[in-house]
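Notes for the structure review
Each chain, written out:
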Amino acid sequence: METITQERKIASLTVEDVANLADRLEQDDYNTPFEALKDWHLLRAIAFQRRELVEPYLYLLDIETYDES
């Protein structure tokens, strides 16, 4: 059920939402490392489902061509 919720969330994201997410990651001003990791995983999930939204921020993911994904 969690996957469906995340997929719906990703489907409803806008360019502005992703830009705000990327900005948070670039600022790296989180209270805990887990908050940053949660945002990073969300950006990565968006990259797999809606790559066009993440294109400008792929450098934040550091995905290599040999990635298991």
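Procedures and definitions
Residues numbered from 1 in each chain as written. Predicted model: local features only at pLDDT ≥ 70, side-chain atom pairs only at ≥ 80, totals over all residues. Heavy atoms only, no water. Helix = DSSP H or I, 4+ residues; strand = E, 2+ residues; numbered from the N terminus. Buried < 20%, exposed > 50% of the residue type's maximum accessible area, 1.4 Å probe, protein only. Contact = heavy atoms within 4.5 Å. Areas by Shrake-Rupley, 256 points an atom, 1.4 Å probe, with all protein chains shown as cover. Core = buried A, V, L, I, M, F, W, Y, C linked by side-chain atoms within 4.5 Å. Expected span 1.5 Å × (residues − 1). Arc of directions from axis to C-beta. Salt bridge = Lys/Arg side-chain N within 4 Å of Asp/Glu carboxyl O. Axes fitted to C-alpha atoms, helices over the stretch in contact; angles between N-to-C directions. Parallel < 35°, antiparallel > 145°, perpendicular 65-115°, else oblique. Left-handed = near helix turned anticlockwise from the far one by under 90°. Nonpolar A, V, L, I, M, F, W, Y, C, P; charged D, E, K, R; others polar.

1. Digging into the overall build of the protein
When you go through the protein residue by residue, the secondary structure sums to four helices and zero strands. Each helix (α) and strand (β) of the protein, taken in turn from the N terminus, gives the series α-α-α-α. Expressed as a percentage of the 69 residues in the protein, the buried residues total 30%. The long-range share in the protein, meaning contacts at least 24 apart out of those at least 6 apart in sequence, stands at 52%. Of the roughly 5200 Å² that the protein leaves accessible, carbon and sulfur atoms contribute 50%.

2. Some thoughts on the nonpolar core
Of all hydrophobic cores here, the largest spans 18 residues; its most connected members are Ile10, Val18, Leu43, Ile46, Val54, Tyr57 and Leu60. With six residues, the top contributor of residues to this core is helix α3 (residues 33-49).

3. Remarks on helix α2 (residues 15-27)
With 13 residues, α2 extends 18 Å from end C-alpha to end C-alpha; this agrees with the ideal 18 Å at 1.5 Å per step. Along α2, the residues classified as buried are Val18, Leu21, Ala22 and Leu25. Looking down the long axis of α2, one finds its buried residues gathered within 95° of arc, a one-sided arrangement. Exposed side chains of α2 directed beyond 90 degrees from the buried face belong to Glu16 and Gln27.

4. With respect to the pattern of salt bridges
Once the charged atoms of two side chains with opposite charge are near each other, the side chains can pair. Taken as a whole and judged by the stated rule, the model has three salt bridges. With a shortest N-O distance of 3.6 Å, Arg50 and Glu52 are connected by a salt bridge. Using a relative accessible area of 54% as the deciding quantity, one classes Glu52 as exposed. In this structure, Arg51 and Glu55 form a salt bridge, with 3.0 Å as the shortest nitrogen-oxygen distance.

5. Overview of the packing of α2 against α3
As a packed pair, α2 and α3 sit with axes 10 Å apart at the nearest point and diverge in direction by 140°. By the angle class used here, α2 and α3 are oblique. α3 is crossed by α2, and the crossing has left-handed handedness. For the pair formed by α2 and α3, the contact residues are Val18, Leu21, Arg24 and Leu25 on the first element and Ala36, Asp39, Trp40, Leu42, Leu43 and Ile46 on the second. Here the contact of α2 with α3 is built from residues that sort into eight nonpolar, no polar and two charged.

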